Amino acid sequence: MGVATFVTQEQSAQAAGRKTTVSVVLEPQNRQAMIDAVYDTVDPSSQAYHKYLSTSQVGDTYGQPTAKLNQFKAYFKRYKLATAVYPGNLMLKVSGQYSNVLKAFKAKLVTSKHKVNVTLPKTLAGQVDSVVGLTMGAKKAKVIKNTKATTRPNLKLNGADFSKQYGAQKFVDNYQLNALYDKGLEGRGQRIGLVMLSDYNKGDVATYLQKNGLAADTTRLHKYYAVPKSQVTQAFKLPTAMPAQMEASLDVQQAASLAPKAEIDTFLGTMSGTTNTPVMTDASFLNTFAEAISRNIDKQISTSYTVGNEVLGFGELPLSETKEEYSQAFDTLFQQAALQGITIFNASGDHGPYDSPNKKPNLSIPTSAYEVEVGGTQLPFSKKLNGKQVTVTKERAWGDVVGLSKEDIAQGVFEGSGGGFSVLNPTPRYQLGFPGVNTFNAIQHLTFSKGKYVLNRDPKVISGTGSGRNVPDVSGNAAGATGYATYFTARVGKKTNPIWMVGGGTSYVAPQMAAANAVMNSGLKSVTGFWNPQIYTFAQTADSPFNPLKDTTNNDNLYYTGQPGKLYNQATGLGTVNFEKLYNHFNRQ
């Protein structure tokens, strides 16, 4: 289990007679000034340091003016479409009959370009970056998920013993969060936002917390709907939604257990293909982030979902946006978040530099410079895996190439920390010149052949250079062999079955990082805000809060490995986090 990369082929629910929703991403009034302002919020030498903006201030300074927004509303109203403006004035949600949406956007399918072209009046088009989520055509849905079997936890353990083996205490002990607990910091006064494409059962979270010896207080769990509640509820009842439900459940459980005094705000969207939802998954995911950011109640937001691929795009269904435009849309939203003092955390992926099977390395969308990309490691362990004794003596990058079953090898499914070089986003200013960025060491464990990956018997070790946004930024334990427990009740036919499982994936680590940030924020005078420029500065100090994993042997994510003498690599980023030291760095600024 890991990052839920859903729907490379979409089943279009957009058809004549049905309603649909699309997103219109607007161009900021001055994007470069907006970007500079983002960096100023975390620059101690700037007068704007930690002077975060409200959504109305973002809208007044960088969003489209009210007069222009009214022009959009009036235009769409002529086609009997409703227009909602997300606070910040950087994105619109346009809803109505699918046939009217096609007319309003003058949509035209260009088969040769695998694209739906849209046209708006010249008076409006100049303010539009992209239109997201409009399609023409229908395909059978294909949900991509991890196919590896999972194990069950030892349910004879309870409380602290269970938590140390399968729960929050494992993260707390390994990454020095216990030192903050000792200061009485547990996230009180903080809210953690989780962006999800499925509902979850609050009762499942209560069961999980009780098993870990924590208060099962579900009154601190809050649900916000980016689409009508009825659509989320309908999708949740279908067996095809089980992988997304599992993902949502683990996100809430990890965040709630690591920050036991924080409020947990879950922002719920849906996936097309799981039900007759009128919103395509790409638009739903974007809208759910917009809902979370524009509400501005959470100063840390995490997601373990991704939609689309930097190389492969969105699959067979033509959409109104390109992968470049979709990536840019997230940049716009995440820049708004940074201006508001929100830290975004995103799971980097669970298949090394190969998010989807392809000859070329490829990462999932988004890889924005304005989010913390969270990778995975493997904690020390020694156990038999599929009849072979496997021993890891110290924490290393997560990349499973030993102890695999014959079925795993035959499927060509291999797991490791998502990492590499973005092909859509340039190297951000905080990574430029940083030791280890845009250089790499790698081990060629895998070869792509006949549609899947096969293990090389004699893998070659190579070095080289790259370019683009380097992924990830930080890492934590994500390997299934030293994984975490999840509990959820799944609907199978007319029955509801309780399921305990142990899984791995960067999906666990992203909400853990968000929760740890909430714990830190609960003791700071001002919230941490945009992490990245700050942590790359901290990493170069004598008292760095990061433990870079530099070894070149037994330390790869299926391809990228450590770089001795350097502070960064594309398997684990800056490395693991010492949260006691990180808190002290933030507190000294």
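Residues numbered from 1 in each chain as written. Predicted model: local features only at pLDDT ≥ 70, side-chain atom pairs only at ≥ 80, totals over all residues. Heavy atoms only, no water.

Novice: Give a detailed account of the overall build of the protein chain, specifying residues and quantitative values.
Specialist: Along the protein chain, the regular secondary structure elements total 17 helices and 29 strands. Its C-alpha radius of gyration of 23 Å places the protein chain within 12% of the 25 Å reference for a compact globule of 589 residues. Its C-alpha atoms give the protein chain principal-axis dimensions of about 65 × 55 × 50 Å. For the protein chain, the residues scored as buried account for 61% of the 589 residues in total. Just so you have it, the protein chain exposes about 21800 Å², and 50% of that area is on carbon and sulfur atoms. One way to put it: in the protein chain the 60 positive side-chain charges average out to a point 7 Å from where the 42 negative ones average out. (Helix = DSSP H or I, 4+ residues; strand = E, 2+ residues; numbered from the N terminus. Rg over C-alpha atoms; globule rule 2.2 N^0.38 Å. Buried < 20%, exposed > 50% of the residue type's maximum accessible area, 1.4 Å probe, protein only. Areas by Shrake-Rupley, 256 points an atom, 1.4 Å probe, with all protein chains shown as cover. Lys, Arg positive; Asp, Glu negative; His and termini not counted. Charge placed at Lys NZ, Arg CZ, Asp CG, Glu CD.)

Novice: Let's hear about helix H13 (residues 323–339): which residues, and what values?
Specialist: Between its first and last C-alpha, H13 extends 25 Å over 17 residues, near the 24 Å set by a 1.5 Å rise per residue. In terms of burial, H13 is largely enclosed, as 13 of its 17 residues are buried. Of the residues flanking the end of H13, it is Gly 341, one or two places downstream, whose phi is positive at about 85°. (Expected span 1.5 Å × (residues − 1).)

Novice: Could you give an account of the packing of helix H9 (residues 202–211) against helix H11 (residues 242–258), naming the residues involved and the relevant values?
Specialist: H11 packs onto H9 with a crossing angle of 45° between their chain directions and a minimal axis gap of 10 Å. What the angle tells us is that H9 and H11 run oblique. In the crossing of H9 with H11, the sense of the turn from one axis to the other is right-handed. Taking contact as the criterion, the partners of Asp 204, Val 205, Tyr 208 and Leu 209 in H9 are, on H11, Gln 245, Val 252, Gln 253, Gln 254, Ala 256 and Ser 257. The residue makeup of the contact of H9 with H11, split by class, is 5 nonpolar, 4 polar and 1 charged. (Axes fitted to C-alpha atoms, helices over the stretch in contact; angles between N-to-C directions. Parallel < 35°, antiparallel > 145°, perpendicular 65-115°, else oblique. Left-handed = near helix turned anticlockwise from the far one by under 90°. Contact = heavy atoms within 4.5 Å. Nonpolar A, V, L, I, M, F, W, Y, C, P; charged D, E, K, R; others polar.)

Novice: Please provide a residue-by-residue account of the environment of Lys 494, values included.
Specialist: Tracing the backbone through its elements, the reader meets Lys 494 in the loop between strand E25 (484–492) and strand E26 (495–503). In sequence terms Lys 494 and Arg 220 are 274 residues apart; their C-alpha atoms lie 30 Å from each other.

Novice: Break down the nonpolar core for me, citing the residues and quoting the values.
Specialist: Core analysis: the biggest nonpolar cluster contains 121 residues, and Ile 192, Phe 289, Phe 579 and Leu 582 have the highest contact counts within it. For this core, the element with the highest residue contribution is helix H15 (residues 506–521), accounting for 10 residues. Counting 22 residues, the second largest nonpolar core, distinct from the first, contains Val 22, Val 101, Val 116 and Val 128. (Core = buried A, V, L, I, M, F, W, Y, C linked by side-chain atoms within 4.5 Å.)

Novice: For the packing of aromatic side chains, give the residues involved together with the corresponding values.
Specialist: Taken as a whole, this structure holds 35 aromatic pairs when the rule is applied. A ring pair is formed by Phe 72 and Phe 76, whose centres lie 6.4 Å apart and whose planes are at 25°; its orientation type is stacked. Placement of the pair is Phe 72 and Phe 76 together in helix H3 (residues 66–77), with a separation of 4 residues, close to one helical turn. Across the pair, exposure class does not vary: Phe 72 and Phe 76 are buried alike. Judged by centre distance (6.0 Å) and plane angle (85°), the ring pair of Phe 289 and Phe 330 falls under edge-to-face. Of this pair, Phe 289 sits in helix H12 (residues 281–295) while Phe 330 sits in helix H13; the two residues are 41 residues apart in sequence, bridging distant segments of the chain. (Phe/Tyr/Trp six-rings, centres within 6.5 Å; stacked < 30°, edge-to-face > 60°.)

Novice: Quick rundown of the pairing of strand E20 (residues 446–449)? Include the residues and the values.
Specialist: Bridge count between E20 and strand E21 (residues 452–455): 4 bridges; the pairing is antiparallel. Bridged to Leu 446 within E21 is Leu 455. (Pairing = 2+ DSSP bridges.)

Novice: Explain the sheet that holds strand E19 (residues 439–443) residue by residue, including any values.
Specialist: If you walk across this open sheet you meet the 3 strands as E22-E19-E28, and the pairing is antiparallel. Here the strands that pair on one side only, and so sit at the sheet edges, are strand E22 (461–465) and strand E28 (560–561). Strand direction decides the pairing type here: E19 and E22, joined by 5 bridges, are antiparallel. Each residue of the ladder has a partner; that of Ile 443, found in E22, is Val 461.

Novice: Kindly report on the side chain of Gln 378, identifying the contributing residues and their values.
Specialist: Position of Gln 378 relative to the elements: it lies in strand E14 (residues 372–378). One polar contact links Gln 378 to Thr 482, side chain to side chain, over a distance of 3.1 Å. (Polar contact = N/O pair within 3.5 Å; in protein donor to acceptor, adjacent residues only side chain to side chain.)

Novice: Requested: an account of the sheet that holds strand E4 (residues 91–97), with residues and values cited.
Specialist: Strand order in the open sheet formed by 4 strands is E3-E4-E2-E7, and the pairing between neighbours is antiparallel. Where the open sheet ends on each side, the last strands, each with one partner, are strand E3 (82–85) and strand E7 (128–132). On average, adjacent strands in this sheet sit at an angle of 20° to one another, irrespective of strand direction.

Novice: Before we move on, could you go through the pattern of salt bridges and cite the residues and values that matter?
Specialist: Two side chains with opposite charge may pair up if their charged atoms get near one another. Counted according to the given criterion, the structure contains 11 salt bridges. For Arg 469, the salt bridge goes to Asp 473, with nearest N and O atoms at 2.8 Å. By relative accessible area, which is 0% here, Asp 473 ends up buried. One network of salt bridges, with partners in common, ties together Glu 27, Arg 31 and Asp 129. (Salt bridge = Lys/Arg side-chain N within 4 Å of Asp/Glu carboxyl O.)

Novice: Residue-level account of helix H1 (residues 31–40), with values.
Specialist: What H1 keeps buried is the set Arg 31, Met 34, Ile 35, Ala 37, Val 38 and Tyr 39. Buried-residue contacts for H1 involve E7, H13 and helix H16 (531–538).

Novice: Go over the side chain of Gln 64, please, and point to the residues and values.
Specialist: By the element assignment, Gln 64 lies in the loop between helix H2 (55–61) and H3. Exposure remark for Gln 64: the relative accessible area of 7% places this residue in the buried category. In this structure the side chain of Gln 64 is engaged in a polar contact, spanning 2.7 Å, whose partner is the backbone oxygen of Glu 27. Those residues within four positions of Gln 64 in sequence are excluded, and the remaining contacts are Leu 26, Glu 27, Pro 28, Gly 59, Leu 69, Asn 89 and Gln 127.

Novice: Explain the environment of Ala 539 to me, using residue names and the numbers behind them.
Specialist: Among the secondary structure elements, Ala 539 is positioned in the loop between H16 and strand E27 (546–547). C-alpha of Ala 539 to C-alpha of Ala 125: the two residues are 414 residues apart in sequence and 43 Å apart in space. Setting aside anything within four residues of it in sequence, one finds Ala 539 in contact with Phe 434, Ser 544, Phe 546, Leu 567 and Leu 574.

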